[in-house]
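Chains, contacts and geometry: an overview
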Amino acid sequence: MMSKPTTDADALYKEVHRRMVESGEWDRILRVLSAKLSEQGWSDELYHRAKERARIMDPPLFKTILEEISLHGEATVPLSVKRETTAQIRQFVKDQFEK
């Protein structure tokens, strides 16, 4: 199996991710994101949706439930949370690369 060539965008993503992890910013943003999603009931709604899906499946298939819930979860993240998280990442990138 051949791997695809690394693009400049891929290399930049990896560098930003590495810096975020090393600085602790990655974990900080994940904690804030998790708290915001929990505050808005998103986490509970997703949990209950997965639980209901598993209840009606016979037998419950983890992979199928995960795929369905992942798609739903990505589509239902509140816009305010997306914007806030994106702004935090943009600020980090600006601070790191515009010195």
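The structure under discussion appears in the preceding block.
To start, this report covers the structure provided alongside it. (Residues numbered from 1 in each chain as written. Predicted model: local features only at pLDDT ≥ 70, side-chain atom pairs only at ≥ 80, totals over all residues. Heavy atoms only, no water.)

**Description of the overall build of the protein chain**
Rules: Secondary structure elements follow DSSP: runs of H or I of four or more residues count as helices, runs of E of two or more count as strands, with numbering from the N terminus. Our radius of gyration looks at C-alpha atoms and nothing else; its globule reference is 2.2 Å times the residue count to the power 0.38. Three exposure classes are used, based on accessible area relative to the maximum for each residue type with a 1.4 Å probe and protein chains only: buried under 20%, partly exposed in between, and exposed over 50%. Contacts: residue pairs with any heavy atoms within 4.5 Å of one another. Surface accessibility follows the Shrake-Rupley procedure with a 1.4 Å probe radius. Residue values consider only the protein chains on display as shielding. We score Asp and Glu as negative and Lys and Arg as positive, and we do not count His or the chain ends. Charged groups are reduced to one reference atom each: NZ for lysine, CZ for arginine, CG for aspartic acid, CD for glutamic acid.
In terms of helices and strands, the protein chain carries 5 helices and 0 strands. Start at the N end of the protein chain and walk to the C end: the helices and strands fall as α-α-α-α-α. Relative to a compact globule of 99 residues, whose C-alpha radius of gyration would be 13 Å, the protein chain shows 18 Å and is clearly more extended. The buried share of the protein chain, taken over its 99 residues, is 18%. At a minimum sequence separation of 6, the contacts of the protein chain that also span at least 24 residues come to 66%. Total accessible area on the protein chain stands at roughly 7,900 Å², and carbon and sulfur atoms take up 58% of it. Counting 17 positive and 17 negative side-chain charges, the protein chain places the averaged centre of each group 2 Å from the other.

**Some points on the packing of helix α1 (residues 8-23) against helix α2 (residues 25-39)**
Filter applied, for reference: To get an axis, fit a line to the C-alpha atoms, keeping to the stretch in contact for a helix; angles then go from 0 to 180 degrees between the N-to-C directions. Angle categories: roughly parallel below 35 degrees, roughly antiparallel above 145, roughly perpendicular from 65 to 115, and oblique for all the rest. Only Asp, Glu, Lys and Arg are considered charged, only Ala, Val, Leu, Ile, Met, Phe, Trp, Tyr, Cys and Pro nonpolar, and every remaining residue, Gly among them, polar.
Contact pair α1 / α2: the axes reach a minimum separation of 5 Å and the direction vectors enclose 85 degrees. It follows from the interaxial angle that α1 and α2 lie roughly perpendicular. Between α1 and α2, the contacting residues are Y13, H17, M20, V21 and S23 on the first element and E25, W26 and I29 on the second. A class-by-class count of the residues in the contact of α1 with α2 yields 5 nonpolar, 2 polar and 1 charged.

**Notes on the nonpolar core**
The test is simple: Throughout, nonpolar core names a set of buried Ala, Val, Leu, Ile, Met, Phe, Trp, Tyr and Cys residues whose side chains join them through atoms within 4.5 Å.
Core analysis: the biggest nonpolar cluster contains 8 residues, these being L37, W42, L46, M57, I65, I69, V77 and V81. When residues of this core are traced back to their parent elements, those giving at least two are α3 (42-56) and α4 (62-76). What I69 contacts, discounting residues up to four positions off in sequence, is L46, R49 and A50.

**Re the environment of V16**
Within the secondary structure, V16 sits in helix α1. Put simply, V16 and F97 are 81 residues apart on the chain and 9.3 Å apart in space, counted from C-alpha to C-alpha. In this structure, V16 is in contact with F92, V93 and F97, ignoring residues within four places of it in sequence.

**Comments concerning α2**
Selection rule: Each helix should span, by expectation, one fewer than its residue count multiplied by 1.5 Å.
The first and last C-alpha atoms of α2 sit 21 Å apart over 15 residues, in line with the 21 Å expected at 1.5 Å per residue. Elements in contact with the buried residues of α2: α1, α3 and α5 (79-97). Looking at the residues trailing α2, positive phi occurs at G41, about 80 degrees.

**Focus: the environment of W26**
Mapped onto the elements, W26 comes out in helix α2. Here W26 falls in the partly exposed class, since its relative accessible area comes to 29%. Separated by 39 residues in sequence, W26 and I65 place their C-alpha atoms 27 Å apart.

**Some points on unusual backbone geometry**
Put simply, D58 and P59 share a cis peptide bond, and its omega is -5 degrees. Structurally, P59 is set in the loop between α3 and α4.

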